[in-house]
Amino acid sequence: MRFLKITSVPVLLILAAASAVATEVGTPFVALPPYNPGVGGVTHSVELGNKARDFDFGGNVPFINPASGVADFATINVWDSTAKQAVTLRSRQISPAGVPARVFKTGAYTAVGYVRGDGIVEGKLRTMINSFPIPARRHFVWDLSFRLGGGNLAAPWVFTPKGVAPATLWQLKTSGLPPALVMAVDSDPSDGRRLLLNFDARLDPAKPAIRLGDVAGIDPAADTSVRIEAFLDERPVSAGGKGFLRISVNDRLIVDRWGPVLQTVASWPYHWSLAMYLYANTSPLDFDRFSYWRRARLLVR
(Lines give C-alpha, C1' and ligand atoms only; values in the text may rest on other atoms or scores of the structure.)
Protein backbone atom coordinates (compact mmCIF):
# COMPACT_ATOMS: atom_id res chain seq x y z
CA MET A 1 0.00 0.00 0.00
CA ARG A 2 1.46 3.38 -1.02
CA PHE A 3 0.86 6.15 1.51
CA LEU A 4 0.32 9.71 0.39
CA LYS A 5 2.85 12.35 1.28
CA ILE A 6 1.37 15.32 3.13
CA THR A 7 3.49 18.34 2.32
CA SER A 8 2.11 21.23 4.36
CA VAL A 9 0.41 21.57 7.73
CA PRO A 10 -0.73 25.07 8.80
CA VAL A 11 -1.12 26.39 12.31
CA LEU A 12 -4.49 25.31 13.77
CA LEU A 13 -4.46 22.21 11.56
CA ILE A 14 -4.69 19.01 13.52
CA LEU A 15 -3.03 16.30 11.49
CA ALA A 16 -3.88 12.67 12.11
CA ALA A 17 -2.43 10.91 9.10
CA ALA A 18 -2.29 7.56 10.84
CA SER A 19 -5.94 7.66 11.89
CA ALA A 20 -8.69 5.92 9.97
CA VAL A 21 -11.54 8.18 8.88
CA ALA A 22 -15.00 7.43 10.24
CA THR A 23 -17.00 5.25 7.89
CA GLU A 24 -20.36 6.72 8.85
CA VAL A 25 -21.66 8.47 5.76
CA GLY A 26 -25.02 10.26 5.91
CA THR A 27 -28.27 10.62 3.99
CA PRO A 28 -28.56 12.04 0.45
CA PHE A 29 -29.58 15.70 0.59
CA VAL A 30 -32.61 16.68 -1.50
CA ALA A 31 -34.02 20.21 -1.94
CA LEU A 32 -37.82 20.29 -2.01
CA PRO A 33 -40.08 23.18 -3.08
CA PRO A 34 -40.85 25.59 -1.54
CA TYR A 35 -37.16 25.91 -0.82
CA ASN A 36 -35.81 28.53 1.58
CA PRO A 37 -32.15 27.90 2.43
CA GLY A 38 -30.50 30.23 4.90
CA VAL A 39 -27.17 31.98 5.23
CA GLY A 40 -26.04 34.26 8.04
CA GLY A 41 -29.27 33.49 9.92
CA VAL A 42 -31.43 34.85 7.06
CA THR A 43 -33.50 32.63 4.75
CA HIS A 44 -33.90 33.18 1.02
CA SER A 45 -36.43 31.89 -1.46
CA VAL A 46 -34.77 29.78 -4.16
CA GLU A 47 -36.82 28.78 -7.21
CA LEU A 48 -36.49 25.09 -8.02
CA GLY A 49 -38.89 25.10 -10.95
CA ASN A 50 -41.37 23.23 -8.77
CA LYS A 51 -39.08 20.19 -8.87
CA ALA A 52 -37.25 18.24 -6.20
CA ARG A 53 -33.50 18.61 -6.75
CA ASP A 54 -30.96 15.93 -5.91
CA PHE A 55 -27.28 16.62 -5.24
CA ASP A 56 -25.71 13.47 -6.66
CA PHE A 57 -23.67 14.15 -9.80
CA GLY A 58 -21.65 10.92 -9.92
CA GLY A 59 -21.03 8.76 -12.93
CA ASN A 60 -23.88 6.33 -12.27
CA VAL A 61 -26.52 9.11 -12.20
CA PRO A 62 -28.10 10.27 -15.50
CA PHE A 63 -28.00 13.96 -16.35
CA ILE A 64 -31.79 14.05 -16.53
CA ASN A 65 -33.44 12.94 -13.28
CA PRO A 66 -36.18 10.47 -14.32
CA ALA A 67 -38.35 11.57 -11.38
CA SER A 68 -38.36 15.27 -12.34
CA GLY A 69 -37.59 15.23 -16.06
CA VAL A 70 -34.87 17.88 -15.70
CA ALA A 71 -31.21 18.01 -14.71
CA ASP A 72 -30.39 18.45 -11.03
CA PHE A 73 -27.57 20.89 -11.85
CA ALA A 74 -28.55 24.53 -11.50
CA THR A 75 -26.19 25.65 -14.30
CA ILE A 76 -23.25 24.65 -16.47
CA ASN A 77 -20.64 27.26 -17.47
CA VAL A 78 -18.98 26.08 -20.67
CA TRP A 79 -17.59 27.06 -24.06
CA ASP A 80 -19.99 26.60 -26.97
CA SER A 81 -17.81 25.32 -29.81
CA THR A 82 -20.54 25.90 -32.41
CA ALA A 83 -21.34 29.50 -31.50
CA LYS A 84 -17.72 30.18 -30.49
CA GLN A 85 -18.72 31.84 -27.25
CA ALA A 86 -19.15 31.16 -23.55
CA VAL A 87 -22.61 30.08 -22.42
CA THR A 88 -24.45 29.36 -19.18
CA LEU A 89 -26.90 26.49 -19.50
CA ARG A 90 -29.81 26.33 -17.03
CA SER A 91 -31.05 22.98 -15.76
CA ARG A 92 -33.98 22.92 -18.18
CA GLN A 93 -31.55 23.44 -21.11
CA ILE A 94 -29.32 20.49 -20.26
CA SER A 95 -29.84 17.47 -22.49
CA PRO A 96 -29.53 13.78 -21.56
CA ALA A 97 -26.14 13.77 -23.29
CA GLY A 98 -24.80 16.77 -21.36
CA VAL A 99 -22.55 19.08 -23.38
CA PRO A 100 -20.76 17.47 -26.34
CA ALA A 101 -17.09 16.70 -25.61
CA ARG A 102 -17.10 18.79 -22.41
CA VAL A 103 -19.66 17.43 -19.93
CA PHE A 104 -20.63 13.82 -20.60
CA LYS A 105 -20.95 10.33 -19.16
CA THR A 106 -18.24 7.79 -19.90
CA GLY A 107 -18.11 4.38 -18.27
CA ALA A 108 -18.73 4.89 -14.55
CA TYR A 109 -17.77 8.57 -14.62
CA THR A 110 -19.14 12.05 -15.16
CA ALA A 111 -16.60 13.93 -17.29
CA VAL A 112 -16.08 17.67 -16.79
CA GLY A 113 -13.39 19.21 -18.93
CA TYR A 114 -11.71 21.87 -20.96
CA VAL A 115 -11.10 21.08 -24.65
CA ARG A 116 -7.98 22.39 -26.35
CA GLY A 117 -8.56 25.66 -28.15
CA ASP A 118 -11.68 26.60 -26.19
CA GLY A 119 -11.99 30.27 -25.26
CA ILE A 120 -12.57 32.25 -22.11
CA VAL A 121 -15.55 31.46 -19.88
CA GLU A 122 -16.19 34.14 -17.24
CA GLY A 123 -12.66 35.49 -17.37
CA LYS A 124 -10.66 32.24 -17.38
CA LEU A 125 -10.59 28.86 -19.09
CA ARG A 126 -13.20 26.67 -17.48
CA THR A 127 -15.99 24.15 -17.63
CA MET A 128 -18.03 24.10 -14.42
CA ILE A 129 -21.24 22.44 -13.26
CA ASN A 130 -22.97 24.16 -10.36
CA SER A 131 -25.45 22.90 -7.80
CA PHE A 132 -28.49 24.70 -6.51
CA PRO A 133 -27.80 26.62 -3.26
CA ILE A 134 -27.65 24.73 0.02
CA PRO A 135 -28.51 25.91 3.54
CA ALA A 136 -25.89 27.10 6.01
CA ARG A 137 -25.62 25.93 9.62
CA ARG A 138 -26.12 22.33 8.57
CA HIS A 139 -23.88 19.28 8.86
CA PHE A 140 -22.91 18.09 5.36
CA VAL A 141 -20.59 15.53 3.78
CA TRP A 142 -19.28 15.65 0.22
CA ASP A 143 -18.45 12.13 -0.92
CA LEU A 144 -16.12 12.46 -3.92
CA SER A 145 -14.04 10.16 -6.09
CA PHE A 146 -12.27 11.28 -9.24
CA ARG A 147 -9.45 10.70 -11.67
CA LEU A 148 -7.83 13.10 -14.13
CA GLY A 149 -6.78 12.93 -17.74
CA GLY A 150 -7.36 14.09 -21.28
CA GLY A 151 -10.46 14.12 -23.46
CA ASN A 152 -11.27 10.45 -22.79
CA LEU A 153 -10.56 7.95 -20.03
CA ALA A 154 -7.60 6.49 -21.93
CA ALA A 155 -5.97 9.86 -22.61
CA PRO A 156 -3.28 10.79 -20.08
CA TRP A 157 -3.03 13.99 -18.09
CA VAL A 158 -0.62 16.42 -19.77
CA PHE A 159 2.00 17.41 -17.22
CA THR A 160 3.19 21.01 -17.21
CA PRO A 161 5.52 22.91 -14.86
CA LYS A 162 3.93 23.88 -11.56
CA GLY A 163 1.87 27.05 -11.91
CA VAL A 164 1.37 26.78 -15.68
CA ALA A 165 -2.07 25.18 -15.70
CA PRO A 166 -3.36 24.47 -12.17
CA ALA A 167 -7.02 23.55 -11.89
CA THR A 168 -9.82 23.90 -9.38
CA LEU A 169 -11.74 20.61 -9.27
CA TRP A 170 -14.33 21.41 -6.57
CA GLN A 171 -15.38 24.57 -4.75
CA LEU A 172 -17.92 26.00 -2.31
CA LYS A 173 -18.97 29.51 -3.31
CA THR A 174 -21.64 32.19 -2.94
CA SER A 175 -22.56 34.97 -5.36
CA GLY A 176 -20.30 38.00 -5.44
CA LEU A 177 -17.48 36.53 -3.34
CA PRO A 178 -14.43 34.38 -4.06
CA PRO A 179 -14.85 30.70 -3.08
CA ALA A 180 -14.85 29.98 0.63
CA LEU A 181 -13.34 26.52 0.11
CA VAL A 182 -11.44 25.06 -2.85
CA MET A 183 -9.95 21.72 -3.87
CA ALA A 184 -7.39 22.18 -6.64
CA VAL A 185 -4.58 20.31 -8.35
CA ASP A 186 -1.22 21.20 -9.86
CA SER A 187 1.97 19.42 -10.84
CA ASP A 188 3.90 17.92 -7.93
CA PRO A 189 7.27 19.72 -7.89
CA SER A 190 8.88 16.71 -6.21
CA ASP A 191 7.70 14.16 -8.80
CA GLY A 192 7.27 15.01 -12.47
CA ARG A 193 4.73 12.20 -13.02
CA ARG A 194 2.46 12.96 -10.08
CA LEU A 195 0.14 15.76 -8.96
CA LEU A 196 -0.24 17.86 -5.83
CA LEU A 197 -3.77 18.08 -4.45
CA ASN A 198 -4.45 21.13 -2.29
CA PHE A 199 -7.25 22.51 -0.12
CA ASP A 200 -7.56 26.27 0.41
CA ALA A 201 -9.95 28.45 2.43
CA ARG A 202 -10.76 32.15 2.06
CA LEU A 203 -12.89 33.34 4.96
CA ASP A 204 -11.91 37.00 4.48
CA PRO A 205 -12.54 37.94 0.83
CA ALA A 206 -10.22 40.93 1.21
CA LYS A 207 -7.26 38.66 1.98
CA PRO A 208 -5.54 35.88 0.02
CA ALA A 209 -6.68 32.30 0.52
CA ILE A 210 -4.87 30.21 3.13
CA ARG A 211 -3.57 26.71 2.50
CA LEU A 212 -5.22 24.11 4.70
CA GLY A 213 -3.21 21.18 3.45
CA ASP A 214 -1.45 19.54 0.51
CA VAL A 215 -1.32 15.93 -0.57
CA ALA A 216 1.56 15.04 -2.88
CA GLY A 217 2.05 12.00 -5.05
CA ILE A 218 -1.42 11.89 -6.62
CA ASP A 219 -1.59 9.57 -9.62
CA PRO A 220 -3.98 11.22 -12.11
CA ALA A 221 -4.86 7.87 -13.75
CA ALA A 222 -6.02 6.32 -10.45
CA ASP A 223 -9.22 7.09 -8.57
CA THR A 224 -8.68 9.45 -5.63
CA SER A 225 -11.34 9.46 -2.90
CA VAL A 226 -12.04 12.65 -0.96
CA ARG A 227 -14.44 13.17 1.94
CA ILE A 228 -15.20 16.76 2.94
CA GLU A 229 -17.26 16.95 6.12
CA ALA A 230 -18.32 20.29 7.55
CA PHE A 231 -20.81 22.14 9.66
CA LEU A 232 -21.38 25.21 7.51
CA ASP A 233 -21.23 28.10 9.92
CA GLU A 234 -19.92 31.63 9.51
CA ARG A 235 -19.86 32.37 13.25
CA PRO A 236 -16.74 31.97 15.40
CA VAL A 237 -16.97 29.45 18.20
CA SER A 238 -16.88 32.31 20.73
CA ALA A 239 -20.13 33.66 19.24
CA GLY A 240 -21.96 30.34 19.34
CA GLY A 241 -20.65 28.97 16.07
CA LYS A 242 -20.57 25.22 15.53
CA GLY A 243 -18.39 25.24 12.43
CA PHE A 244 -15.85 22.54 11.74
CA LEU A 245 -14.09 21.09 8.72
CA ARG A 246 -12.65 17.61 8.24
CA ILE A 247 -11.09 16.51 4.98
CA SER A 248 -9.74 13.07 4.19
CA VAL A 249 -7.99 11.81 1.07
CA ASN A 250 -7.99 8.08 0.36
CA ASP A 251 -9.22 7.44 3.93
CA ARG A 252 -6.43 9.41 5.57
CA LEU A 253 -7.33 12.49 7.60
CA ILE A 254 -5.70 15.64 6.22
CA VAL A 255 -7.62 18.53 7.82
CA ASP A 256 -9.38 18.62 11.20
CA ARG A 257 -10.22 22.09 12.48
CA TRP A 258 -12.93 23.96 14.37
CA GLY A 259 -14.21 27.40 13.51
CA PRO A 260 -15.96 29.27 10.69
CA VAL A 261 -16.29 27.58 7.30
CA LEU A 262 -18.31 30.28 5.51
CA GLN A 263 -17.70 34.01 5.00
CA THR A 264 -19.46 36.39 7.41
CA VAL A 265 -20.26 38.86 4.60
CA ALA A 266 -22.17 36.31 2.50
CA SER A 267 -25.66 37.51 1.61
CA TRP A 268 -26.83 34.56 -0.52
CA PRO A 269 -26.69 30.79 0.15
CA TYR A 270 -23.68 28.84 -1.08
CA HIS A 271 -23.56 26.35 -3.95
CA TRP A 272 -20.89 23.82 -4.83
CA SER A 273 -19.30 23.04 -8.17
CA LEU A 274 -17.46 20.29 -10.02
CA ALA A 275 -15.01 21.86 -12.38
CA MET A 276 -12.08 22.01 -14.66
CA TYR A 277 -11.39 25.65 -13.81
CA LEU A 278 -7.97 26.70 -15.09
CA TYR A 279 -7.71 29.77 -12.91
CA ALA A 280 -4.21 30.78 -14.07
CA ASN A 281 -5.08 30.73 -17.78
CA THR A 282 -6.64 33.48 -19.89
CA SER A 283 -5.45 32.25 -23.31
CA PRO A 284 -6.47 28.99 -25.00
CA LEU A 285 -4.34 25.92 -24.29
CA ASP A 286 -3.25 23.35 -26.87
CA PHE A 287 -4.17 20.36 -24.70
CA ASP A 288 -7.24 18.99 -22.92
CA ARG A 289 -7.80 18.95 -19.17
CA PHE A 290 -10.53 16.69 -17.70
CA SER A 291 -11.79 15.55 -14.32
CA TYR A 292 -13.71 12.26 -14.23
CA TRP A 293 -16.07 11.83 -11.28
CA ARG A 294 -17.05 8.35 -10.15
CA ARG A 295 -18.72 9.78 -7.04
CA ALA A 296 -19.82 13.36 -6.43
CA ARG A 297 -22.68 13.54 -3.96
CA LEU A 298 -23.81 15.70 -1.07
CA LEU A 299 -24.98 13.99 2.10
CA VAL A 300 -26.56 15.47 5.22
CA ARG A 301 -25.81 14.29 8.75
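Look up: the structure comes first, before these words.
Residues numbered from 1 in each chain as written. Predicted model: local features only at pLDDT ≥ 70, side-chain atom pairs only at ≥ 80, totals over all residues. Heavy atoms only, no water.

(A) View of the overall build of the protein chain. Along its length, the protein chain carries zero helices and 22 strands. A compact globule built from 301 residues should have a C-alpha radius of gyration of about 19 Å, and the protein chain, at 18 Å, falls within 12% of that. Counting only C-alpha atoms, the protein chain reaches 50 × 50 × 35 Å along its principal axes. Classification of the 301 residues of the protein chain by burial places 54% in the buried group. Put simply, 69% of the contacts in the protein chain that link residues at least 6 apart link residues at least 24 apart. For the protein chain, the computed accessible surface area is about 12,800 Å², with 55% contributed by carbon and sulfur atoms. Here the protein chain contributes 33 positive and 24 negative side-chain charges, whose respective centroids are spaced 1 Å apart. (Helix = DSSP H or I, 4+ residues; strand = E, 2+ residues; numbered from the N terminus. Rg over C-alpha atoms; globule rule 2.2 N^0.38 Å. Buried < 20%, exposed > 50% of the residue type's maximum accessible area, 1.4 Å probe, protein only. Contact = heavy atoms within 4.5 Å. Areas by Shrake-Rupley, 256 points an atom, 1.4 Å probe, with all protein chains shown as cover. Lys, Arg positive; Asp, Glu negative; His and termini not counted. Charge placed at Lys NZ, Arg CZ, Asp CG, Glu CD.)

(B) Spatial organisation of the pattern of salt bridges. This model, assessed by the stated rule, comprises 14 salt bridges. Salt-bridge contacts for Asp-223 lead to Arg-294; the nearest nitrogen and oxygen are separated by 2.8 Å. Pair noted here: Asp-223 is in the loop between strand S17 (210-218) and strand S18 (224-231) and Arg-294 is in strand S22 (residues 289-300), with a separation of 71 residues, a long-range link. On the basis of relative accessibility, which here comes to 26%, the residue Asp-223 falls in the partly exposed class. (Salt bridge = Lys/Arg side-chain N within 4 Å of Asp/Glu carboxyl O.)

(C) Representation of the side chain of Thr-127 in the model. Topologically, Thr-127 is positioned in strand S12 (residues 125-130). A relative accessible area of 1% places Thr-127 in the buried class. Among the polar contacts listed, one links the side chain of Thr-127 to the backbone oxygen of Gly-113, at a separation of 2.7 Å. Apart from residues no more than four positions distant in its own chain, Thr-127 is found in contact with Asn-77, Val-78, Arg-102, Val-103, Val-112, Gly-113, Tyr-114, Leu-274, Ala-275, Met-276 and Tyr-277. (Polar contact = N/O pair within 3.5 Å; in protein donor to acceptor, adjacent residues only side chain to side chain.)

(D) Inspection of the pairing of strand S8 (residues 75-80) at higher detail. For S8, the buried fraction is high: five of the six residues fall into the buried class. Note that S8 and strand S9 (residues 85-90) share six bridges and pair antiparallel. Of the residues in S9, the one forming a bridge with Val-78 is Val-87. Taking the residues that link successive antiparallel strands as the turn, the S8-S9 hairpin has four residues, and the phi of Lys-84 there is positive, at about 60°. Here S8 pairs with S12 via three bridges, running antiparallel. Each residue of the ladder has a partner; that of Ile-76, found in S12, is Ile-129. (Pairing = 2+ DSSP bridges.)

(E) Here's a closer look at the pairing of strand S20 (residues 252-258). Burial runs high along S20: six of the seven residues are buried. By the bridge criterion, six bridges tie strand S19 (residues 244-249) to S20 in an arrangement that is antiparallel. Residue Val-249 lies in a different strand from S20, and its bridge partner there is Arg-252. Connecting the antiparallel pair S19 and S20 is a turn made up of two residues, with Asn-250 showing a positive phi of about 50°.

(F) The arrangement of the nonpolar core in detail. Core analysis: the largest hydrophobic core is formed by 72 residues, its most contacted members being Ile-134, Trp-142, Trp-170 and Leu-197. For this core, the leading source of residues is strand S13 (residues 139-149), giving five residues. In this structure Leu-197 touches Phe-146, Leu-169, Met-183, Ala-184, Val-185, Gly-213, Asp-214, Val-215, Ile-218, Thr-224, Val-226 and Val-249, once residues within four positions along its chain are discounted. Listed in part, the six residues of the second largest apolar core include Phe-104, Ala-111, Val-115 and Phe-290. (Core = buried A, V, L, I, M, F, W, Y, C linked by side-chain atoms within 4.5 Å.)

(G) Summary view of the packing of aromatic side chains. Tallied over the full model, the rule gives 14 aromatic pairs. Each ring, one from Phe-140 and one from Trp-142, has its centre 6.2 Å from the other, and the planes form 50°; the classification is tilted. For Phe-140, a relative accessible area of 0% puts it in the buried group. A centroid spacing of 5.8 Å and a plane angle of 25° characterise the contact between Phe-290 and Tyr-292, whose relative ring orientation is stacked. Among the residues examined, Phe-290 registers a relative accessible area of 1% and is labelled buried. Members of the aromatic cluster, connected to one another through ring pairs, are Phe-29, Phe-55, Phe-57, Phe-63, Phe-73, Phe-140, Trp-142, Trp-170 and Trp-272. (Phe/Tyr/Trp six-rings, centres within 6.5 Å; stacked < 30°, edge-to-face > 60°.)

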